[in-house]
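Next come the chains, spelled out residue by residue.
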Amino acid sequence: MNREVDTLLARRLEQVQERLAAAARRAGRDPSSVTLVAVTKTRRTEEIVAALRLGLVHCGENRVEEAVRKIPQVQASLTAADRQPVWHMVGHLQRRKVRHAVTSFHWIHSVDRLAVAREISKRCVAAQTELPALLEVNVTGEAQKYGFPVAGGVANRPAVEALCRQIDQIAELPGLIIRGLMTMAPFVAEAEEARPAFRMLRELRDELGRRFPAVRWDCLSMGMTNDFEVAVEEGATMVRIGTAIFGPRTGP
Ligand SMILES: *Cc1c(COP(=O)(O)O)cnc(C)c1O
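Just so it is clear, the structure is predicted and the values come from calculations on it, not from any experiment.

Calculation rules
Residues numbered from 1 in each chain as written. Predicted model: local features only at pLDDT ≥ 70, side-chain atom pairs only at ≥ 80, totals over all residues. Heavy atoms only, no water. Helix = DSSP H or I, 4+ residues; strand = E, 2+ residues; numbered from the N terminus. Rg over C-alpha atoms; globule rule 2.2 N^0.38 Å. Buried < 20%, exposed > 50% of the residue type's maximum accessible area, 1.4 Å probe, protein only. Areas by Shrake-Rupley, 256 points an atom, 1.4 Å probe, with all protein chains shown as cover. Lys, Arg positive; Asp, Glu negative; His and termini not counted. Charge placed at Lys NZ, Arg CZ, Asp CG, Glu CD. Near = heavy atom within 4 Å. Polar contact = N/O pair within 3.5 Å; in protein donor to acceptor, adjacent residues only side chain to side chain. 1 Å grid on protein atoms, 1.4 Å probe; cavity = no way out; pocket = protein on both sides within 12 Å on 5 of 7 lines; lining within 4 Å. Sits in = over half its atoms within 2 Å of the grid points. Nonpolar A, V, L, I, M, F, W, Y, C, P; charged D, E, K, R; others polar. Contact = heavy atoms within 4.5 Å. Points joined across faces, edges and corners; volume = space filled by probe spheres on them. Pairing = 2+ DSSP bridges. Right-handed = clockwise from strand over helix to strand, strands pointing away. Expected span 1.5 Å × (residues − 1). Phe/Tyr/Trp six-rings, centres within 6.5 Å; stacked < 30°, edge-to-face > 60°.

## Quick notes on the overall build of the protein
- What the protein contains, in helices and strands, is nine helices and nine strands.
- A globule of 252 residues ought to have a C-alpha radius of gyration of about 18 Å, and the protein, at 18 Å, matches this closely.
- Oriented by its inertia axes, the alpha-carbon framework of the protein measures out at about 55 × 45 × 30 Å.
- Put simply, the protein has 252 residues, and 52% of those count as buried.
- Just so you have it, the protein exposes about 11900 Å², and 50% of that area is on carbon and sulfur atoms.
- For the protein, the centre of its 36 positive side-chain charges and the centre of its 30 negative side-chain charges are spaced 4 Å apart.

Next comes the structure, spelled out in structure tokens:
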């Protein structure tokens, strides 16, 4: 990787970390309570390795095929002196790809239906592993969006009850450890317009914490390049950032 690109990456990463820390402090939060997940989809192995050597630890991918191909390449490029990355699956998960996801990733952010939770559980048990997982929730009601539908958040009592009935079952599944919620904010012109969605996710998490006290609801995965500061102000513990770190994506 040439030095200019490396320097640019270092500068972008530093800026993101500074903005993240500033947003946390504005909200009276400890910056270390927010995990930066660098979304590495479409990025080449060398870029990912360079980012890891600049101190990144958490990487997010959104497609299983791409991850299954790239993760071993990245791992093979690392030396004993490098820190081991933690891989997060952040994209929609098809049931037939769960088997590969379970052996490639350390976290799953996108459990969006009961069938996929069951499959993750089954595959984790078979692989004798456990995976922390987040339930993806669609709080905006956008039709094209994945996630358990809870349009409007806690105010939508019937949807909350329906979600709770599913969580009753998911919480019992071996191998899958519910750790919190994830959402994709609406695509809006101003980051501020995404705030209600983030707030709804946090309030829903608080409600689920009361309803399921045995589950550790400590993670809120929300916020991307365009809106991560607002997400942190609203309580995000994981932000998923691609473009602000690696620059615009050229591929799909
Ligand atoms: C691509 C992607 C991101 C990161 O998007 P940027 O706008 O590049 O920061 C975050 N979350 C998911 C699920 C994604 O697919």
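Don't stop here, the text continues.
## Digging into the site of the ligand
- Close to the ligand lie Val 39, Lys 41, Asn 62, Val 90, Met 184, Met 224, Thr 225, Arg 240, Ile 241, Gly 242, Thr 243 and Arg 249.
- A distance of 2.8 Å separates an oxygen atom of the ligand from a polar atom in the backbone of Gly 242.
- Look at the ligand: alone it shows 390 Å² of surface, and the protein chains cover 92% of it.
- The site holding the ligand turns out to be the largest pocket.
- Partitioning the shell around the ligand into residue classes produces five nonpolar, four polar and three charged.

## Looking at unusual backbone geometry
- Of note, Thr 42 is a non-glycine position whose phi angle comes to about 70°, a positive value.
- Its place among the elements puts Thr 42 in the loop between strand 1 (35-39) and helix 2 (45-53).
- In this structure, Gln 128 takes a positive phi of about 50° despite not being glycine.
- With respect to the helices and strands, Gln 128 occurs in the loop between helix 5 (114-126) and strand 5 (131-138).
- When its relative accessible area of 76% is taken as the criterion, Gln 128 is described as exposed.

## Structural notes on the environment of Phe 228
- Mapped onto the elements of the fold, Phe 228 is located in helix 8 (residues 228-233).
- You can call Phe 228 buried: its relative accessible area is 0%.
- C-alpha separation for the pair Phe 228 and Arg 240, spaced 12 residues apart in sequence, amounts to 8.0 Å.
- In contact with Phe 228, other than residues within four places in its own chain, are Val 16, Arg 19, Leu 20, Gly 223, Val 239 and Ile 241.

## A word on the layout of surface pockets
- In this structure, the largest pocket encloses a volume near 620 Å³.
- Tallied by class, residues from the lining of the largest pocket come to 12 nonpolar, eight polar and seven charged.
- Approximately 200 Å³ is the volume found for the second largest pocket.
- Taken together, Gln 17, Leu 20, Ala 21, Pro 31, Ser 32, Val 34, Thr 35, Leu 36, Gly 55, Leu 56, Val 57 and His 58 form the lining of the second largest pocket.
- Sorting the residues of the lining of the second largest pocket by element identifies helix 1 (3-26) and strand 1 as the ones contributing at least two each.
- Broken down by class, the residue content of the lining of the second largest pocket amounts to seven nonpolar, five polar and no charged.

## Comments concerning the pairing of strand 3 (residues 86-89)
- When strand 2 (residues 58-61) meets strand 3, the two strands line up parallel, connected through four bridges. Note on strand 3: the bridge partner recorded for Gly 60 is His 88.
- Bridge count for strand 3 against strand 4 (residues 107-111) is two bridges, and the pairing is parallel. Considered in strand 4, the bridge of Met 89 is made with Ile 108.
- Following the chain from strand 3 across helix 4 (residues 98-104) to the adjacent parallel strand 4, one finds a crossover that is right-handed.

## Here we look at helix 5
- Between its first and last C-alpha atoms helix 5 spans 18 Å; for 13 residues at 1.5 Å apiece the expected length is 18 Å, and the two agree.
- For helix 5, the complete set of buried residues consists of Leu 114, Val 116, Ala 117, Glu 119, Ile 120, Ser 121 and Cys 124.
- Positive phi appears at Gln 128, one or two residues downstream of helix 5, with a value of about 50°.

## Section: the packing of aromatic side chains
- Taken as a whole, this structure holds one aromatic pair when the rule is applied.
- Seen from their ring centres, Phe 212 and Trp 217 are 6.5 Å apart, and the 55° between their planes marks the pair as tilted. For the pair Phe 212 and Trp 217, a shared accessibility class is recorded, and that class is buried.

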